[in-house]
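# Results of the structural survey
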Amino acid sequence: EAGVVQSPRYKIIEKKQPVAFWCNPISGHNTLYWYRQNLGQGPELLIRYENEEAVDDSQLPKDRFSAERLKGVDSTLKIQPAELGDSAVYLCASSVTGGGTEAFFGQGTRLTVV
Amino acid sequence: AQKVTQAQTEISVVEKEDVTLDCVYETRDTTYYLFWYKQPPSGELVFLIRRNSFDEQNEISGRYSWNFQKSTSSFNFTITASQVVDSAVYFCALSHYNQGGKLIFGQGTELSVKP
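An account of the accompanying structure is given in this report. (Residues numbered from 1 in each chain as written. Chains lettered and ligands numbered in written order. Predicted model: local features only at pLDDT ≥ 70, side-chain atom pairs only at ≥ 80, totals over all residues. Heavy atoms only, no water.)

### Notes on the packing of aromatic side chains
- Evaluation of the coordinates by the stated rule reveals 21 aromatic pairs over all chains.
- Ring plane angle 85 degrees and centroid distance 5.9 Å describe the contact between A:Y35 and B:F105, whose orientation is recorded as edge-to-face. Remark: B:F105 occurs in strand β11 (residues 104-105) and A:Y35 occurs in strand β4 (residues 31-37); the pair is interchain, linking two chains. Of the two residues examined, A:Y35 and B:F105, each falls in the buried class.
- Here the aromatic rings of B:W66 and B:F77 are separated by 5.0 Å at their centres, their planes lie at 5 degrees, and the arrangement is stacked. (Phe/Tyr/Trp six-rings, centres within 6.5 Å; stacked < 30°, edge-to-face > 60°. Helix = DSSP H or I, 4+ residues; strand = E, 2+ residues; numbered from the N terminus. Buried < 20%, exposed > 50% of the residue type's maximum accessible area, 1.4 Å probe, protein only.)

See the structure below:
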């Protein structure tokens, strides 16, 4: 069975440009997460979806970040405009449900803003 | 406050040595879950184990073992007879039952196993 798939793996953009990341979760997983991992740190949650509903976006910088999960499957995370401080690895994860079940992660997208 | 502390930033051992990675957590809730993940250089976080707060039994899986002690709020991870392939960053994480699976990660411990 395929794991969580993310693309692109790497992205380099100039500041003030837009960027988008795509995630395909494991089939049948209702809960989808986007995490951001800064260098040398543990991941931090940006947003959590239950099916197509964003149920926890308290850590998402809404002035420049947006996300969607149409039809409760694939998800896209967008940054517009990007800032130098957005350089990080963006990780997507999915789980069967929330509430303590293990989450499975994709390989992440490494974003570099120059 | 909910927090996970991994005080060991880096550990270096020689192959076949045993190594223990420490994890201390803080929470006011009585129902929670603890996890360990492995992050190899490829970047993907690999799930290793989950424990709930009501199950303090230690667990062994091959060369891996975990020691959960609520009295000291610790969930330590031991690798026996380490191998070069164990080299990675290891993360301990905490999740509360009423937060939909949101993981609170520690800063990670980078383990280097030298041949």
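Now, onward.
### Remarks on the interface of chain A and chain B
- Between chain A and chain B, the residue contacts involve 23 residues of the former and 21 residues of the latter.
- In total, about 1,700 Å² of surface goes out of reach between chain A and chain B, with carbon and sulfur atoms giving 51% of it.
- Along the contact surface separating chain A from chain B lie one salt bridge.
- A:E102 is paired through a salt bridge with B:R50; the nearest N and O atoms lie 3.7 Å apart.
- On the surface where chain A and chain B come into contact, there are five residue pairs in polar contact (both at pLDDT 80 or more).
- Elements represented by at least two residues in the side of chain A that touches chain B include exactly β4 and β5 (44-50) of chain A. (Contact = heavy atoms within 4.5 Å. Buried area = accessible area lost by both parts, 1.4 Å probe. Salt bridge = Lys/Arg side-chain N within 4 Å of Asp/Glu carboxyl O. Polar contact = N/O pair within 3.5 Å; in protein donor to acceptor, adjacent residues only side chain to side chain.)

### What about the environment of A:L77?
Residues and elements named next belong to chain A.
- Along the chain, L77 turns up in strand β8 (residues 75-79).
- Look at L77 and you get buried, because its relative accessible area is 0%.
- Sequence spacing of L77 and Y49 is 28 residues, and the spatial spacing of their C-alpha atoms is 12 Å.
- Residues contacting L77, with those up to four places away along its chain left out, are V19, A20, F21, W34, L46, L60, F65, S66, A67 and Y90.

### Some words on the nonpolar core
Residue and element names in this part refer to chain B.
- Grouped together as the largest cluster of nonpolar side chains are 23 residues, with contacts concentrated most on W36, F75, F77, Y90 and L111.
- Broken down by secondary-structure element, the contributors of at least two residues to this core are β2 (10-14), β3 (19-21), β5 (32-39), β8 (64-69), β9 (74-79), β10 (88-96) and β12 (109-114).
- Looking at this core element by element, the count peaks at four residues for β10.
- Residues in contact with L111, not counting those within four places in the same chain, are I11, V13, V19, I79, D86, S87, A88 and Y90. (Core = buried A, V, L, I, M, F, W, Y, C linked by side-chain atoms within 4.5 Å.)

### Quick word on the state of the cysteines
All names here are of chain B.
- A complete count under the given rule lists two disulfides over all chains for this structure.
- Between the sulfur atoms of C23 and its disulfide partner C92 the distance amounts to 2.0 Å. A torsion of -65 degrees about the S-S bond marks the disulfide between C23 and C92 as left-handed. Here C92 lies in strand β10 and C23 lies in the loop between β3 and β4 (24-26), a separation of 69 residues in the sequence.
- When its relative accessible area of 0% is taken as the criterion, C23 is described as buried.
- Owing to a relative accessible area of 0%, C92 belongs among the buried residues under this scheme. (Disulfide = S-S within 2.5 Å.)

Keep in mind these numbers describe shape, not what the thing actually does.
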